[in-house]
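Next come the chains, spelled out residue by residue.
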Amino acid sequence: MIRRLPRSGALLIALILCGCVIKQQQTVPVEPTQLAELMQPQPPKLKTINWDASVQPLVAQMLRSSNGAAPGSVLMVDRIKNSTNGAMQSGKATDAIQNALANNGKFQLVTNDQLAQAKQTLGLSPNDSLNSRSKTIGLARTLNAQYVLYSTAQGDVKTPTLQMQLMLVQTGEIIWSGKDVAQN
């Protein structure tokens, strides 16, 4: 005669035979502020370019090499041309170039207001980076500048290569050229 085990006994034997262990889950209390932090998506950390540190060495090279420029010569710095593989803060890069040239003792800079007014007179957008040396020189002639600094950023947008060219407005001749990788 086979004797039946009570249902709870059969369950206990089945669990022992299977090697299963029942473990009660414990809940850990979470503070409301911690929960709010866990629920918020974290934006990706973007690398930022230190434009001031990136343009300073190039501007210093240009100023040393432009000994033939008469003190007080008018220099037009146009918005940097973005030829990278992504979106770039061209305005910040251009501002860094202008800041590096402020009080340089050699060139008198065309002001942003003068540049904006000349672009408006020619029917160009204030943010137009002109995209060609001939357009840049044409704008510089309108402003009676003797020199123009034409700048581009190329390659990977995270570490672009900066190239600057100092040109004579009268002839379009490139009298200085420099290239360096931007610093993060």
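That block above? That's the structure.
In short, a report on the structure. Just so we're clear, the structure is a prediction, and the values are computed from it rather than from any experiment.

## Topic: the packing of aromatic side chains
In the structure shown here, the tally under the stated rule is one aromatic pair. Between the aromatic rings of phenylalanine 107 and tyrosine 147, the centroid separation amounts to 5.4 Å while the plane-to-plane angle is 70 degrees, which identifies the pairing as edge-to-face. Here phenylalanine 107, found in strand S3 (residues 107–109), pairs with tyrosine 147, found in strand S4 (residues 147–155); they are 40 residues apart in sequence, far enough to count as distant. A relative accessible area of 9% means that tyrosine 147 is categorised as buried.

## Digging into the layout of surface pockets
The computed volume of the second largest pocket comes to approximately 200 Å³. Contributing to the lining of the second largest pocket are Asp78, Arg79, Gly91, Thr94, Asp95, Gln98, Asn112, Leu115, Ala116, Lys119, Pro126 and Asn127. Secondary-structure elements contributing two or more residues to the lining of the second largest pocket are helix H4 (90–101) and helix H5 (112–121). Looking at the lining of the second largest pocket residue by residue, the class counts come to three nonpolar, five polar and four charged.

## Some remarks on the side chain of lysine 106
Within the fold, lysine 106 resides in the loop between H4 and S3. Here lysine 106 sits buried without a salt bridge, and the closest side chain of opposite charge, glutamate 173, lies 16 Å off (N-O distance). Within the structure, lysine 106 has its side chain in polar contact with the backbone oxygen of leucine 63 (distance 2.7 Å). With sequence-adjacent residues up to four places away left out, lysine 106 is seen in contact with Leu63, Ser66, Asn67, Ala69, Ala70, Pro71, Gly72 and Ser73.

Parameters at a glance
Residues numbered from 1 in each chain as written. Predicted model: local features only at pLDDT ≥ 70, side-chain atom pairs only at ≥ 80, totals over all residues. Heavy atoms only, no water. Phe/Tyr/Trp six-rings, centres within 6.5 Å; stacked < 30°, edge-to-face > 60°. Helix = DSSP H or I, 4+ residues; strand = E, 2+ residues; numbered from the N terminus. Buried < 20%, exposed > 50% of the residue type's maximum accessible area, 1.4 Å probe, protein only. 1 Å grid on protein atoms, 1.4 Å probe; cavity = no way out; pocket = protein on both sides within 12 Å on 5 of 7 lines; lining within 4 Å. Points joined across faces, edges and corners; volume = space filled by probe spheres on them. Nonpolar A, V, L, I, M, F, W, Y, C, P; charged D, E, K, R; others polar. Lys, Arg positive; Asp, Glu negative; His and termini not counted. Salt bridge = Lys/Arg side-chain N within 4 Å of Asp/Glu carboxyl O. Polar contact = N/O pair within 3.5 Å; in protein donor to acceptor, adjacent residues only side chain to side chain. Contact = heavy atoms within 4.5 Å.

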